[in-house]
Amino acid sequence: LERMFGYAPAELDGCNIRQLSRRPAEAYDRRVAEMAAEVDARGYWTGAMASRRKDGSALATHGTITRVAIDGVNHWVVVRQDMTERHRVQRDVLDASQREKEELAHELHEGLGQQLTGIGLLAGTLRDAAVRSHSALAPSLQRLSEILVEAVGTCRRLAQGVAGFS
């Protein structure tokens, strides 16, 4: 705990635990009351704790509080875990996920979408030629052109959905 919060060994002995919190006094007291109610009801509390290092910098911690009676006096046992590295990894994963989504959206729109558009134009040209020559293939080529227009629209909507915009 001392190392995590930047204190020298035994420097926290006899100190109020409040100094490890980033919360203002009133908010801290409210939060402690909520925690105490949960410890009384469930026997433990667990969750995020708004912590502060000795130098005043913010520290993301997760804590678990349980109650133990020693000689008839209730005490809280608090275990805190530094969440800084976990939060950094979570941000890195989210950033990587966002980059992957952007790449997928780009490939859908610029790759597949453009290919489908090209095939649609070719199908339209073939349809027009089939209509001019009174070919029996004209209705099928018309339907193929319609399906490709729908596919281009679907591809565009997918790319927009993946990218997170409309």
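Residues numbered from 1 in each chain as written. Predicted model: local features only at pLDDT ≥ 70, side-chain atom pairs only at ≥ 80, totals over all residues. Heavy atoms only, no water.

Draft legend 1. Quick peek at the overall build of the chain. Scanning the chain from terminus to terminus reveals four helices and three strands. When the helices and strands of the chain are placed in sequence order, the string is α-α-β-β-β-α-α. Over its C-alpha trace the chain gives a radius of gyration of 31 Å, far above what one expects of a compact globule, namely 15 Å for 166 residues. Dimensions of the chain, computed from the C-alpha atoms along their principal axes, are close to 100 × 35 × 25 Å. Counting only residues that meet the buried cut, the chain has 23% of its 166 residues in that class. Here the contacts in the chain between residues at least 6 apart in sequence split such that 43% fall between residues at least 24 apart. Surface summary for the chain: the accessible area is close to 11,300 Å², and the carbon and sulfur share equals 56%. Considering the chain, the positive charge centre built from 22 side chains and the negative charge centre built from 22 side chains are found 2 Å apart. (Helix = DSSP H or I, 4+ residues; strand = E, 2+ residues; numbered from the N terminus. Rg over C-alpha atoms; globule rule 2.2 N^0.38 Å. Buried < 20%, exposed > 50% of the residue type's maximum accessible area, 1.4 Å probe, protein only. Contact = heavy atoms within 4.5 Å. Areas by Shrake-Rupley, 256 points an atom, 1.4 Å probe, with all protein chains shown as cover. Lys, Arg positive; Asp, Glu negative; His and termini not counted. Charge placed at Lys NZ, Arg CZ, Asp CG, Glu CD.)

Draft legend 2. Broad picture of the layout of surface pockets. Size it by volume and the largest pocket reaches roughly 290 Å³. Together, 16 residues line the largest pocket, and Ile-17, Tyr-28, Met-35, Met-49 and Arg-80 are the ones closest to its centre. Looking at the lining of the largest pocket, the elements that each hand over two or more residues are α2 (25-42), β1 (44-52) and β3 (73-82). When the residues that make up the lining of the largest pocket are grouped by side-chain class, the tally is twelve nonpolar, one polar and three charged. (1 Å grid on protein atoms, 1.4 Å probe; cavity = no way out; pocket = protein on both sides within 12 Å on 5 of 7 lines; lining within 4 Å. Points joined across faces, edges and corners; volume = space filled by probe spheres on them. Nonpolar A, V, L, I, M, F, W, Y, C, P; charged D, E, K, R; others polar.)

Draft legend 3. Main features of a nonpolar patch on the surface. A cluster of nonpolar side chains, namely Val-68, Ile-70, Val-77 and Val-79, defines an oily patch on the protein surface of about 310 Å² accessible area. For the nonpolar patch, the secondary-structure elements that each account for two or more residues are β2 (58-70) and β3. In this structure, Val-68 sits in strand β2. Looking at Val-68, the relative accessible area reads 33%, which means it is partly exposed. (Patch = residues over 30% accessible without salt bridge, like charges linked within 9 Å, V, L, I, M, F, W, Y side chains within 5 Å. Salt bridge = Lys/Arg side-chain N within 4 Å of Asp/Glu carboxyl O.)

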